Amino acid sequence: MVDGTQIASSRKKMDGESLYRIHQKGTEKEYMEYYYYVLEAKLMLGTKIAVSIATEFVKNEGTEVEKQDCERKACWRLFEKLKKEFPRLPICICGDSLYACERFFEECNKRHWHSILRFKKGSIRSIYEDYEALRGLEKNPQTEVEGKKTVWYDYVKAIDYRGYLVTVAEYGEEKEIRFTFLTDLPVNKKNIKRLIEDGRKRWKIEKEGFNQQKKHGYYLEHLYSYKYQAIKNHYYLIQIGHMIWQLLENWKKLWKKVKQSLEQKHRRLLESFKKENIKNYQVEIEKKIQIRLE
């Protein structure tokens, strides 16, 4: 999953790398706000654990810039990091509608990655118009009863956008609730429900990640320093601490059964982090992902 968030802001001028926005421009109350923004790639483990695997800060190169850095530019840099750190890992990027563009498809395609993007009408209008025109002809809709509500699924495959073939998949409920996704993964009536569920997991990066770090004691948005490196260090420490907390929280039943003191548990946990090598699990993960794609 890939998403971005603001981590600090101030009216006081910060380091040259900070972004800025002008409020109430052209009025007597006009003022400049400086802020820092970060783009994060998180790996979803199960349904409740979202851990950071790569970070890219959105930053300016100096205070006087004609065109500021932005989330999309940072995204391409983040992709380079992911490919360098995990060169053989099959990756499926889940992201919001901001990334629905030709450059995104190009960047994923050259790395042989897949993607599931939240899709809105205004993201790429031609794709949306083709979907609306073809959905009645394709006859793919299916309806299910989930608890007390009726839901439906629909999709149109192989819509061409500048040489890239994409599928539009949609989920809806009775009360005009609709979620639309754009993907290059194979879609059919058997797997569309699972694909929609995977697409909706993108919100976990906000709910299980940034939201907890902002509102539950991590103080992600608090400005502890005006020094950029100190702000980055603080951010990385939050990601490490939050990852450990998620593991302990979701394994608390097993954690309580271990007949050791809290100090012993923490010491053993630290030692396991030092000894375990994530690359040992790479082959097994690749096999599981390949089976799922088939």
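Described below are features of the structure shown in this document. (Residues numbered from 1 in each chain as written. Predicted model: local features only at pLDDT ≥ 70, side-chain atom pairs only at ≥ 80, totals over all residues. Heavy atoms only, no water.)

## Notes on the packing of aromatic side chains
Applying the stated criterion across every chain, the model contains 15 aromatic pairs. Taken together, a centroid distance of 5.3 Å and an interplanar angle of 75 degrees make the contact between Phe79 and Trp113 edge-to-face. Of this pair, Phe79 sits in helix H1 (residues 71–85) while Trp113 is found in the loop between helix H2 (102–110) and strand E6 (114–118), placing the two residues 34 residues apart along the sequence. The same class applies to Phe79 as to Trp113, namely buried. Each residue in the set Trp76, Phe79, Tyr99, Phe104, Phe105, Trp113, Tyr161 and Tyr164 is aromatic and connected to the rest through ring pairs, giving one cluster. The aromatic ring of Tyr31 is capped on one face by Arg11, whose charged end is 3.7 Å from the ring centroid. For the cation-ring pair, Arg21 lies above Tyr35, with the distance from its terminal atom to the ring centre recorded as 3.8 Å. (Phe/Tyr/Trp six-rings, centres within 6.5 Å; stacked < 30°, edge-to-face > 60°. Helix = DSSP H or I, 4+ residues; strand = E, 2+ residues; numbered from the N terminus. Buried < 20%, exposed > 50% of the residue type's maximum accessible area, 1.4 Å probe, protein only. Lys NZ or Arg CZ within 6 Å of the ring centre and 35° of its normal.)

## Side note on H2
Buried within H2 are the following residues: Phe104, Phe105, Glu107 and Cys108. The arc enclosing the buried residues of H2, seen along the axis, measures out at 165 degrees, which places them on a common side. Packing partners of the buried residues in H2 comprise H1, strand E5 (92–95), E6, strand E8 (149–161), strand E9 (164–173) and strand E10 (178–183). Two residues or fewer past H2, His112 is found with a positive phi of approximately 60 degrees. (Arc of directions from axis to C-beta. Contact = heavy atoms within 4.5 Å.)

## Details of the side chain of Glu71
If you trace the backbone, Glu71 turns up in helix H1. On the accessibility criterion, Glu71 (13% relative accessible area) is buried. A polar atom in the side chain of Glu71 sits 2.9 Å from the side chain of Tyr37. (Polar contact = N/O pair within 3.5 Å; in protein donor to acceptor, adjacent residues only side chain to side chain.)

## Some points on the nonpolar core
Ranked by size, the top nonpolar core spans 37 residues in total, and within it Phe79, Leu82, Ile93, Phe104, Phe105, Ile127 and Leu182 carry the most contacts. Looking at this core, the elements with two or more residues in it are strand E3 (31–45), strand E4 (49–58), H1, H2, helix H3 (125–138), E8 and E9. If you tally residues by element for this core, the top one is H1, at six residues. In contact with Phe104, not counting residues within four places along its chain, are Trp76, Phe79, Ile93, Tyr99, Ser115 and Leu117. Tyr36, Cys94, Ile205 and Tyr228 belong to the second largest nonpolar core, which has 32 residues in total. (Core = buried A, V, L, I, M, F, W, Y, C linked by side-chain atoms within 4.5 Å.)

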